[in-house]
Each structure stands twice: as structure tokens, then as C-alpha cells.
Amino acid sequence: MSWDLVIANGEVVIPELGIVEADVAIEGDRVAALGKGLGAAGETIDATGQVVLPGVVDPHVHLGLENPFADDASTETASGLASGITTIGIFLRSLEDPYAPQLPGIREEYEANAFTDCFFHLQIFNEAQLAELAADAELGTTSFKFYMHGLPGVVPSVDDGFLLAGFRAIAELGDGAIACVHAENDSIVLRATAALERERPDGTLADWADSHPDEAEAEAIHRAAYLARLAGCRLYVVHLSTRLGLEEARAAREAGGRVYFETTSPLLSIAKDDPIGLLGKMSPPLRSQADLDALWEGVLDGQIDTVGTDNTSRSRAAKQVDAGLHGSRTGYPALATHLPTLIEEGYHRRSVPLTTIARIACMGPASVYGAYPRKGTITVGGDADLAVIDLHQEHTVRPEELHSFSDFSIFEGRSMRGWPTAVIKAGQVAVRDGEILAEPGSGRYIRRDPSRRTGQGVAVRCGGSRPIRRAPAC
Ligand SMILES: [Zn+2]
């Protein structure tokens, strides 16, 4: 017999296990065998000297905020795919209307245009949306986000009564359902932002961090974790950004909560005094070098379960940098640089094991959101989504090469090592040496089951990040 495709001679990074020298055989859209001497294949990719990672699962993506959703579904997922992302979690935003009636149409639009698979998270703002969670779950969408602090003028904040009611409704859906929170104390942020506007009207990106004080994040994590524990609801904190927040994360876990913490690749790689300036404006803000270092410690000691991008693609013009600190807009594209950032900043500069990077970038998100082990690892029977990475291929980030509609990157001009030479998606060679070979419309929506948790959270936390054998050092 002959396999459809074999990725031969690579160092295969299996998050639960370590790094093994093996060939990966693919039949159709699934991994069919792992081992040596697997025999003939219709097509072989020689991965000698390279590592093979599970396709990256970016749990935190915003699409369609500036361009139509269908357009972003095409350009922005292409941008992610080229860097090794094969699945994304999209935060859908409807400020008023319920979601369930819209979901089939959104799914159809996505699947007609996208390059990566996806699951949806719904941002919950009102009673009507709270009343339809079971209908959303029927359609395979089982994660729901609450803004404890919204984006003033764009997204409203929810109060604690609503939050607790939401957590209770989610707990009722089953163990596969989960609440996500943007955890910041609303009034602390609003007061600090008003003070900054008064006192530093011409402030810098570094000043922006003061508008979202560390204690606002830490207090909100503490409160959300308490309410989720009361409700018996799984809780996922998006974009953890501070050392103080990380301390509350640890405390929430020790208190017995079923809590998961995400940070982002920009927060792990750019500090607030970076020369990128206001192009780097985001909510929550980029933080100090000490916070950035603390986040990597959280990655290494297992307090951080997942890493996403919080991708919010915008054009340079739409950032309105000329309007100064208070007039410019938050958000930046980050899909195209996600995995290279983690390899450059984590593996190369901080000796973070590749298994740890695969845990937070692949297995963690798939596991928390109920797509594991179909996604997030390399296993027989799992989806054949893989990224073949040359750890030493060095490349300078140029926005025009990133496939996104955005004409800037917060990493532009930075040199990074660790780009894919090939990306396999659903058994197809989707990217080869930076060129996208897949067609738009090859991405699929992943239904999740609210009653069932796939995998055990990220229970491999202990010991899972120790590699059997390290990839060759640089
Ligand atoms: Zn976000």
C-alpha cells in the first residue's frame, strides 16, 4: 500500500510526549501512522533537520471589524495559515441581536472563504443572548465571552449580576461549555483613563499602560474566579497581561477553580517602550519588560495554558496614529507572526522547550475548547494539520509579505527565526516555502459538544513540557 503523503525524517513535536524522530503518514485528511520505515507514499516531504509541530490553534481572533467578515475570513486566515495556524477561535460580536439565528449563515460565509478551520466564541451582552445559550450549543458553539471592562464607545461592559447569571447558564450546558472573560475592573480602568487624558494628552504607548492599571486586571480575575467557582462554571481568562494578574491566576487555581489562562504572542514579545509606538496600542495594553518576563515564567511553570494572538487586523490609516494616544485606535494584526514570535522569543532566546510551545499554542487551546485530540497534537486518527518548521530560517518581517490586508505589523523590521517551510492542512500541502497552495473555502467550522470535555483540560501540565530529546540547538 502507499500513503497519500509522508512527512519524512523530521523531529516530531508531540506535546504530551516529547520530541520523537519519526515519519508522519497521512491518508485523506487524517494522520494514519507515526514511525520509521513507513513505506511508499504518493508524495513525500523531506523534513530532515526540521521540526514537525501540530497545526497551531489560535484561540483568540477577531475578524470583520474593519472589512466585511467574508473578506477577513479569506485574507486573515491566509495570513495565519502561512505561519502555521490551521485552526482559529473567532470571537463573534453582535451587540444586540441573538446569535443562534445568525450562526448557520456566518458559518456558511466562513467556510466559503477561509483557509483555516474555526470554532466560534460568542460575546454576550444582553438578556436575549443569555436566554439562547442552549440553542447556540446545539449548533456546536460552546464558549461565551463577557467583557468585565468593554471598549469605551465600542463594546459595553457587563455588571457582576449579569456575569454570575451567565456563568450559571453556562454551567448548566455541561462540562464542555466555558465562559471567557476580558478581566479588568471597569471603574478602575475608566478612572485611570480619564486621569491620563487630563494629565498626559500627548502621551506615548508606554503611558497607555497606565490607563489599564495592573490591579484592575488582578482584581477582576479574583472576582471572576470566585463567581465562576460559585456557579460551577469553567472559566477562561483571555489575554492575561500582568505579573499581578498571574499571581491571582495562581491563587484561583489553588482555590480549586477550573480556570484557564491565555496570554498573547504580542504580550510575550513586545514591551510598552517599543519603538513601534502607537501602532502598538491595544486593550489590554502592552506592558513592561518585567511583566513580559513574568508571562514567560508563567508559561514555563504551567500557569499559562494557552497563547493566542487577539488578532484585530486594521490598516495603518485606520489606526489613526496621528490622532495621538487618546484618538488612535486599539488593535493590530498578529496572525502571520504568531508562531515565529514564539519560536524566536521562546525557544531561541529563552530556551523554552518546543513541547511547551506546542502545549500552549496547539494542545492547550484545542483541549480547553473541546477540539482535542482531533486538533492540537499529532496522533493517529487526528486531523492531518501540521507545520514543518525550519528553526533556523531567519526572516525579517515585512507587512507586504504577510498575506493580510493590513499594511503594517507591530513586528515590522524585526528578524525572527522559525518559519514554516510547509504547512499541511486536512492532509493537503497548503503552504510551501511561503507560497499558499490551498484554495479559499478549504476551512471548516468545528462543532463542539457542550456535554463533553475532550481531553482533561490541560492536565499534562505536570511533566508534559519536558522533552524526551531536544531538537538540535542553534
Ligand atoms: Zn480580543
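Residues numbered from 1 in each chain as written. Predicted model: local features only at pLDDT ≥ 70, side-chain atom pairs only at ≥ 80, totals over all residues. Heavy atoms only, no water.

Our focus in this paragraph is the confidence of the model for the protein. Summary statistics for the protein give a mean pLDDT of 94 and a share of 95% for residues scoring 70 or more. This stretch, residues 456-474, has a pLDDT under 50; its non-local contacts, to residues over four places away or in other chains, come to 49 contacts. (pLDDT = per-residue confidence, 0-100. Contact = heavy atoms within 4.5 Å.)

Before going further, it helps to spend a moment on the layout of surface pockets. In this model, the largest pocket occupies a volume close to 590 Å³. Lining the largest pocket are 29 residues, and of these Leu151, Pro152, Val154, Ser283 and Thr330 lie nearest its centre. Of all elements in the fold, only β6 (56-62), β9 (143-147) and α6 (186-199) reach the threshold of two or more residues within the lining of the largest pocket. With 4 residues, α6 is the single largest residue contributor to the lining of the largest pocket. Residues belonging to the lining of the largest pocket are distributed by class as follows: 9 nonpolar, 13 polar and 7 charged. If you go around the second largest pocket, you meet 14 residues; those closest to its centre are Ala82, His395, Glu401, Trp419 and Gly434. The biggest single contributor to the lining of the second largest pocket is strand β16 (residues 415-425), with 3 residues. Grouping the constituent residues of the lining of the second largest pocket by class yields 5 nonpolar, 7 polar and 2 charged. (1 Å grid on protein atoms, 1.4 Å probe; cavity = no way out; pocket = protein on both sides within 12 Å on 5 of 7 lines; lining within 4 Å. Points joined across faces, edges and corners; volume = space filled by probe spheres on them. Helix = DSSP H or I, 4+ residues; strand = E, 2+ residues; numbered from the N terminus. Nonpolar A, V, L, I, M, F, W, Y, C, P; charged D, E, K, R; others polar.)

Right, let's get into the nonpolar core. When a protein is soluble and globular, its nonpolar side chains tend to lie buried together. Ranked by size, the top nonpolar core spans 104 residues in total, and within it Phe146, Phe167, Val181 and Leu235 carry the most contacts. Broken down by element, this core gets its largest block of residues, 7 residues, from helix α8 (residues 214-231). Sequence-distant contacts of Leu235, that is, excluding residues within four places in its chain, are made with Phe167, Ile178, Ala179, Val181, Ala224, Ala225, Ala228, Arg258, Val259 and Tyr260. In terms of nonpolar packing, the next biggest core, distinct from the first, is built from 18 residues, Val24, Ile26, Val388 and Val429 among them. (Core = buried A, V, L, I, M, F, W, Y, C linked by side-chain atoms within 4.5 Å. Buried < 20%, exposed > 50% of the residue type's maximum accessible area, 1.4 Å probe, protein only.)

To continue, consider the state of the cysteines. Scanning all chains against the criterion turns up 0 disulfides. Looking at the unpaired Cys118, the closest cysteine sulfur is the one in Cys180, lying at 15 Å. The class for Cys118 is buried, based on a relative accessible area of 0%. We note that Cys233 lacks a disulfide partner, and the nearest cysteine sulfur, in Cys180, lies 9.3 Å from it. (Disulfide = S-S within 2.5 Å.)

Another point: the packing of helix α1 (residues 69-82) against helix α2 (residues 103-113). Two quantities define a packed helix pair, namely the angle between the axes and the distance from one axis to the other. Axis separation between α1 and α2 bottoms out at 8 Å; the angle between their running directions is 40°. Classified by the angle between their axes, α1 and α2 sit oblique to one another. For the element pair α1 and α2, the recorded crossing hand is right-handed. Taking contact as the criterion, the partners of Phe69, Ala70, Ala73, Ser74 and Thr77 in α1 are, on α2, Ile106, Glu109, Tyr110 and Asn113. (Axes fitted to C-alpha atoms, helices over the stretch in contact; angles between N-to-C directions. Parallel < 35°, antiparallel > 145°, perpendicular 65-115°, else oblique. Left-handed = near helix turned anticlockwise from the far one by under 90°.)

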